[in-house]
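What follows is the residue order along each chain.
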Amino acid sequence: MTVQGSRALEEELKYLKTVLRPQITQAIAEARELGDLKENAEYHAAREQQGMSEARIRDIEAKLSNAQIIDVTTIPHSGKVIFGTTVDIANVETDETVTYQIVGDDEADIKNSKISVNSPIARALIGKTEGDAVLVKTPGGDVEYEIVEVRHS
């Protein structure tokens, strides 16, 4: 996991524990005051939300306890694609350039140009250096890219 991914999970965990958990507890208390719990929709909805929130808290705590945090800014730049690096690649046929950061599965977000280390593109790029040509097998066929730049940012 990258440092940014770790920070994001820690912030979410803090929000869940300090903001959402008390809100849910308050909602359950208010719903209890309304009377019969068997037919109390507010109570059941709050309990369901509590269950989902607690499950997410456990999930984040497990991920953080098992995570190996990698800060690529501390690794000397070698031009080689490794976990956490940001890579500019150019499609050899169309000359279109795209930028991706290679991150862990939990951090992957294609809208923010973050791809999983287990994705086909990342697997093709890992271990290659600037200037190398890389063949990526996609559902639409093989695509050849050239690695333009590798950044540790």
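### Some remarks on the pairing of strand 4 (residues 133-138)
Then comes step 1: Sheet topology places strand 4 next to strand 5 (residues 141-151); six bridges connect them, and they run antiparallel. Each residue of the ladder has a partner; that of Leu135, found in strand 5, is Glu144.
Then comes step 2: Adjacent in sequence and paired antiparallel, strand 4 and strand 5 are bridged by two residues.

### A closer look at the sheet that holds strand 5
Then comes step 1: Pairing is mixed across the open sheet formed by five strands, whose spatial order is 3-2-1-5-4. On the outer flanks of this sheet lie strand 3 (114-116) and strand 4, each paired with one strand and no other. Strand-to-strand twist across the sheet, computed as the mean angle between neighbouring axes with direction ignored, equals 45 degrees.
Then comes step 2: Two elements, strand 1 (residues 86-91) and strand 5, share six bridges in a ladder whose sense is antiparallel. Considered in strand 5, the bridge of Val87 is made with Val150.

### Remarks on the environment of Tyr100
Then comes step 1: Tracing the chain through its elements places Tyr100 in strand 2 (residues 97-103).
Then comes step 2: Between the C-alpha atom of Tyr100 and that of Ser78, which follows or precedes it by 22 residues, the distance is 18 Å.
Then comes step 3: Those residues within four positions of Tyr100 in sequence are excluded, and the remaining contacts are Thr85, Thr86, Val87, Ile89, Ile110, Ser113, Ile115 and Ile121.

### Quick word on helix 1 (residues 3-33)
Then comes step 1: Its 31 residues place the ends of helix 1 44 Å apart at the C-alpha level, agreeing with the 45 Å of an ideal helix rising 1.5 Å per residue.
Then comes step 2: Largest kink in helix 1: about 35 degrees, centred on Leu20, with the proline Pro22 one to four residues after it.
Then comes step 3: Within helix 1, the full set of buried residues consists of Val3, Gly5, Ser6, Leu9, Leu13, Leu16, Leu20, Ile24, Ile28 and Ala31.
Then comes step 4: Where the residues of helix 1 are buried, they touch helix 2 (41-66).
Then comes step 5: Positioned one or two residues after helix 1, Gly35 has a phi angle of 115 degrees, which is positive.

### Notes on the packing of helix 1 against helix 2
Then comes step 1: In the contact formed by helix 1 and helix 2, the axes pass within 9 Å of each other and the chain directions differ by 160 degrees. The orientation of helix 1 with respect to helix 2, classified from their angle, is roughly antiparallel. The element helix 1 and its partner helix 2 pack so that their crossing is left-handed.

Rules behind the numbers
- Residues numbered from 1 in each chain as written.
- Predicted model: local features only at pLDDT ≥ 70, side-chain atom pairs only at ≥ 80, totals over all residues.
- Heavy atoms only, no water.
- Pairing = 2+ DSSP bridges.
- Helix = DSSP H or I, 4+ residues; strand = E, 2+ residues; numbered from the N terminus.
- Axes fitted to C-alpha atoms, helices over the stretch in contact; angles between N-to-C directions.
- Contact = heavy atoms within 4.5 Å.
- Expected span 1.5 Å × (residues − 1).
- Bend = angle between axes of the 7 residues up to and from the residue.
- Buried < 20%, exposed > 50% of the residue type's maximum accessible area, 1.4 Å probe, protein only.
- Parallel < 35°, antiparallel > 145°, perpendicular 65-115°, else oblique.
- Left-handed = near helix turned anticlockwise from the far one by under 90°.

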